[in-house]
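Structural features, examined
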Amino acid sequence: MKALQIVSYGEIKDSLVFNELSKPAVQSNDVLIEVKAAAINPIDKSIILGNLQGMLPIPLPSTSAYDVSGIVLEKGDGVSNFEIGDLVYSRVPQEQMGTLAEYVAVDSAAVSKKPGNISFEEAASIPLAGLTAFQSLEAAGIKKDDRVLIHAGSGGVGSLAIQYAKAQGAFVYTTTSTTNLAWVKALGADRVIDYKTEDYMSIAKDVDIVFDTLGQNYSLESFEVVKQGGIVISVVGPLDEASAKMLGMSDYKLPEALAKASSDRKADYKFILMHPNGAHLNEIKSLIEDEKIKPIIDKVYPFSESVEAFTHLATGRAKGKIVVKVS
Amino acid sequence: MLIDPSNSHCQFIIGDSEPFFIRLYSLTVLLKSPHQELEDLIKKIKTRLILSPEAEEFLYSISKEKTLRKGEVLIRQGQVVKNTFFVSAGCLRSYCTDKNGKENTLLFAIKDWWISDYIAIHTDELATLTVECLTESKVIEFNAKELDGIHSLFPEFEPYQRHNLERHVVSLHRRILNQLQLSAADRYDLFLKQYPEIEQNTRNFHIASYLGITQQSLSRIRAEKVRK
Ligand SMILES: NC(=O)c1ccc[n+]([C@@H]2O[C@H](COP(=O)([O-])OP(=O)(O)OC[C@H]3O[C@@H](n4cnc5c(N)ncnc54)[C@H](OP(=O)(O)O)[C@@H]3O)[C@@H](O)[C@H]2O)c1
């Protein structure tokens, strides 16, 4: 089968190569998926650039990407929840990374039937970003009438987080730049803040939840806009102690400034590491079928132009998700 | 079915040493025989034709009653189709997934309807359709080939099968014409009138995909109706 592989760390163009591989073997709990579409995420780019070598040691060459939609072609003896021919989508587990290929074997616990009202390309755009939005806002305990600030509402994660927060009945502030204001508003956000012309900190004040998808100064600033007793959830800021432990860093301490801001404000800080989960994807499937959430796609690339898809991702200006149509 | 007095359970019930409520309980268990649904269907068939005991026996031999969970799939697109289903309770849907992965609903089936993939059955091709339960459902599963051929063994069946086929053709022709001629709003109105019980058991996207419109259009049509 054809697969797009990372052969070295470094510049995107130099690191990605199409290779001919054999079909992956199916373990007892796996399904073999014939890939129809795959989506790429910032983490794929970080892996290629070699930025995650310490945290995620990946043997080279490795096939790239985690998001997939397709058709179940084979299944292991231990799989009872899927049948051959099922249309599915998944964010595949770390050990099974490699959805930019004609076939991928995936632990069935990470797989869900795909929503029936959207295409394969749309379905592939959902898993990683959707699970991140879902798991982050659930960890924040989001509920009706909460006031939530979601950064980068035009990003892959942000665009789904806005819709999930609205489906939970929250009031949503979000940030993006001028060109994206209209379509982000149409996702349901109550107040779209143009970070080029407005100061978000003077608009979103005393919110219950900040969803930090930007990191850097934004993580610390979150404590100036979150209310006392509120919570800051980050997917890019500094690790918190619990997630550092999970990654094997048991003596890790939260950066001092962040720890102080959090305790001064009496607001929690949590770092979320998205984890693959078929049951969560199934819940997202229902939300999509009920049109509470719709996929937002920036561009679909043919398989042969996967490298261009990565170059587009690397600009950091994606409007929603970047998808590759594999077959 | 009548209670067979030679059956040991019946003797147990009839014997008067048992307390009354145990007898009553056993009786209700026995009366709810595992063929309740098929018996009801046979009663319906008997209003249309005279059924020989042999034909009745044959129907028992080619069928199985099933209680299905919501979401359970009876026929899967791309696979071999062996069975056809009579719905005793619940709501099922047949749909075809296009090459982009989107589902298009062909038909819904509720109590007293038949559902299967008739393209596959009559052409020996693999299934074009998927048939799934939208609610918990009860069906009688028939071996499709055997049921199809029943009239060669029991010619009395011929008019009954023809009648079913005619009804099916009529409803399909109506569906095609409605699709060609009526506005989306009129199609939705008609759907509500014809199948109010289906609307209660299905999700928006099932209805939109049956009417051949987007979910947004369906919501618009509904909002329009509320305003009227
Ligand atoms: N921890 C985890 O498990 C996890 C999981 C998923 C993602 N992540 C991380 O979360 C981040 C977001 O992921 P993503 O997939 O949503 O990325 P993405 O789709 O590539 O994000 C691009 C978007 O970010 C917006 N943006 C950039 N700078 C901004 C600013 N200063 N203010 C507001 N919006 C800004 C851009 O809008 P403009 O063009 O208008 O600026 C663009 O639409 C990434 O860093 C990713 O690595 C972490």
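Computed from a predicted structure; not experimentally measured. (Residues numbered from 1 in each chain as written. Chains lettered and ligands numbered in written order. Predicted model: local features only at pLDDT ≥ 70, side-chain atom pairs only at ≥ 80, totals over all residues. Heavy atoms only, no water.)

This part takes up the domain arrangement of chain A. Residues and elements named next belong to chain A. Domain annotation of chain A identifies domain 1 (2-126 + 295-325) and domain 2 (129-271). With centres defined by C-alpha atoms, the gap from domain 1 to domain 2 works out at 27 Å. Between domain 1 and domain 2, the contact holds 10 residues from the first and 15 residues from the second. Taking both partners together, domain 1 and domain 2 bury about 870 Å²; carbon and sulfur atoms supply 60% of that area. The largest share of the area that domain 1 buries against domain 2 comes from Ile126, Ile296 and Lys319, three residues that together contribute 48% of it. At the surface where domain 1 touches domain 2, the tally comes to 0 salt bridges. The interface formed by domain 1 and domain 2 holds 4 residue pairs in polar contact (both at pLDDT 80 or more) in total. Residue classes in the side of domain 1 that touches domain 2 are distributed as 4 nonpolar, 2 polar and 4 charged. (Domains from an automatic or database assignment. Contact = heavy atoms within 4.5 Å. Buried area = accessible area lost by both parts, 1.4 Å probe. Salt bridge = Lys/Arg side-chain N within 4 Å of Asp/Glu carboxyl O. Polar contact = N/O pair within 3.5 Å; in protein donor to acceptor, adjacent residues only side chain to side chain. Nonpolar A, V, L, I, M, F, W, Y, C, P; charged D, E, K, R; others polar.)

Right, let's get into the nonpolar core. All names here are of chain A. Core analysis: the largest hydrophobic core is formed by 75 residues, its most contacted members being Leu100, Leu137 and Phe310. Here this core spans two domains, since at least three of its residues come from each of domain 1 (2-126 + 295-325) and domain 2 (129-271). If we ignore the near neighbours within four places in the chain, the residues touching Leu137 are Ile142, Val148, Ala161, Tyr164, Ala165, Ile209 and Phe211. (Core = buried A, V, L, I, M, F, W, Y, C linked by side-chain atoms within 4.5 Å. Buried < 20%, exposed > 50% of the residue type's maximum accessible area, 1.4 Å probe, protein only.)

Next up on the list: the sheet that holds strand 4 (residues 92-97) of chain B. Strand pairing in a sheet is mediated by backbone hydrogen bonds. Such pairs are either parallel or antiparallel. All names here are of chain B. Spatially, 4 strands are ordered 2-7-4-5 in an open sheet, and the strand pairing comes out antiparallel. One side of each edge strand has no neighbouring strand; the edge strands of this open sheet are strand 2 (73-75) and strand 5 (103-109). Averaged over neighbouring strand pairs, the angle between their axes works out to 30° when direction is ignored. Helix-sheet contacts for helix 11 (residues 204-211) involve strand 4, strand 5 and strand 7 (130-133), and the interaxial angle to strand 5 is about 95°. (Pairing = 2+ DSSP bridges. Helix = DSSP H or I, 4+ residues; strand = E, 2+ residues; numbered from the N terminus. Axes fitted to C-alpha atoms, helices over the stretch in contact; angles between N-to-C directions.)

Right, let's get into the pairing of strand 14 (residues 268-271) of chain A. All names here are of chain A. The alternating pattern of strand 14 places Tyr269 and Phe271 on a buried face and Asp268 and Lys270 on a face that is not buried. Pairing geometry for strand 13 (residues 226-234) and strand 14, over 4 bridges, is parallel. Residue pairing for strand 14: Ile231 is matched across the bridge by Asp268.

We now examine the site of the ligand. Residues and elements named next belong to chain A. Taken together, 25 residues surround the ligand, and among them Ser177, Tyr195, Met274, Arg317 and Ala318 come closest. Between the ligand and Val157, the relevant distance is 2.8 Å, taken from an oxygen atom to a main-chain nitrogen or oxygen of the residue. Note that an oxygen atom of the ligand is positioned 2.4 Å from one of the side-chain N or O atoms of Tyr195. Relative to its free-state accessible area of 930 Å², the ligand is covered by the protein chains to the extent of 84%. Among the elements of the structure, helix 4 (127-139), helix 5 (156-167) and strand 10 (171-176) are those that each provide at least two residues to the shell around the ligand. (Near = heavy atom within 4 Å. Areas by Shrake-Rupley, 256 points an atom, 1.4 Å probe, with all protein chains shown as cover.)

A few words now on helix 5 of chain A. Three- or four-residue spacings in an α-helix give side chains the same orientation, since the helix completes a turn every 3.6 residues. All names here are of chain A. Over its 12 residues, helix 5 runs 17 Å from end to end, which matches the ideal 16 Å to within 8%, given 1.5 Å per residue. Every buried residue belonging to helix 5 is among Gly156, Val157, Gly158, Ser159, Leu160, Ala161, Ile162, Gln163, Tyr164 and Ala165, and all of these are buried. Just downstream of helix 5 lies Gly169, where phi reads positive at about 85°. (Expected span 1.5 Å × (residues − 1).)

Another aspect to go through is helix 12 (residues 215-227) of chain B. Taking 1.5 Å of rise per residue, 13 residues should cover 18 Å, and helix 12 of chain B covers 19 Å from first to last C-alpha, within 8% of that figure. Among the residues making up helix 12 of chain B, those that are buried are Gln215, Ser217, Leu218 and Ile221 of chain B. Along the axis of helix 12 of chain B, the buried residues cluster in a sector spanning 160°; they form a single face. More than 90 degrees from the buried face of helix 12 of chain B, the exposed residues found are Arg220, Val226 and Arg227 of chain B. Contact partners of the buried residues in helix 12 of chain B: helix 11 (278-289) of chain A together with helix 9 (184-194) and helix 11 of chain B. (Arc of directions from axis to C-beta.)

Our next topic: the side chain of Asp212 of chain A. All names here are of chain A. Position of Asp212 among the secondary structure elements: in strand 12 (residues 207-212). Buried charge Asp212 goes without a salt bridge, the closest partner of opposite sign being Arg317 at 13 Å. Sequence-distant contacts of Asp212, that is, excluding residues within four places in its chain, are made with His151, Tyr218, Ser219, Ser222, Ile233, Ser234, Val235, Val236 and Gly237. (Lys, Arg positive; Asp, Glu negative; His and termini not counted.)

Another aspect to go through is a nonpolar patch on the surface. Residue and element names in this part refer to chain A. Residues Met55, Met246, Leu247, Met249 and Leu273 make up a contiguous nonpolar surface patch of about 430 Å² in total accessible area. Relative to the elements of secondary structure, Leu273 occurs in the loop between strand 14 and helix 11. Taking relative accessible area as the criterion, Leu273 reaches 31% and is therefore assigned partly exposed. (Patch = residues over 30% accessible without salt bridge, like charges linked within 9 Å, V, L, I, M, F, W, Y side chains within 5 Å.)

Our next topic: the interface of chain B and chain A. If you look at the interface, chain B gives 12 residues, while chain A gives 17 residues. Buried area between chain B and chain A, summed over both chains or domains, comes out near 1200 Å², and the portion from carbon and sulfur atoms is 40%. It is Arg76, Arg203 and Gln215 of chain B in chain B that bury the most area against chain A; as a group they hold 37% of the surface buried on that side. For the salt bridge of Arg76 of chain B with Asp86 of chain A, the shortest nitrogen-to-oxygen distance reads 2.6 Å.

Glancing now at the pattern of salt bridges. All names here are of chain A. One pass over the structure, following the stated rule, counts 27 salt bridges over all chains. One salt bridge in this structure joins Lys260 and Asp264, with 2.7 Å as the shortest N-O distance. Linking Lys260 with Asp264, this pair stays in helix 10 (residues 256-265), spanning 4 residues, or about one helical turn. A relative accessible area of 48% places Asp264 in the partly exposed class.

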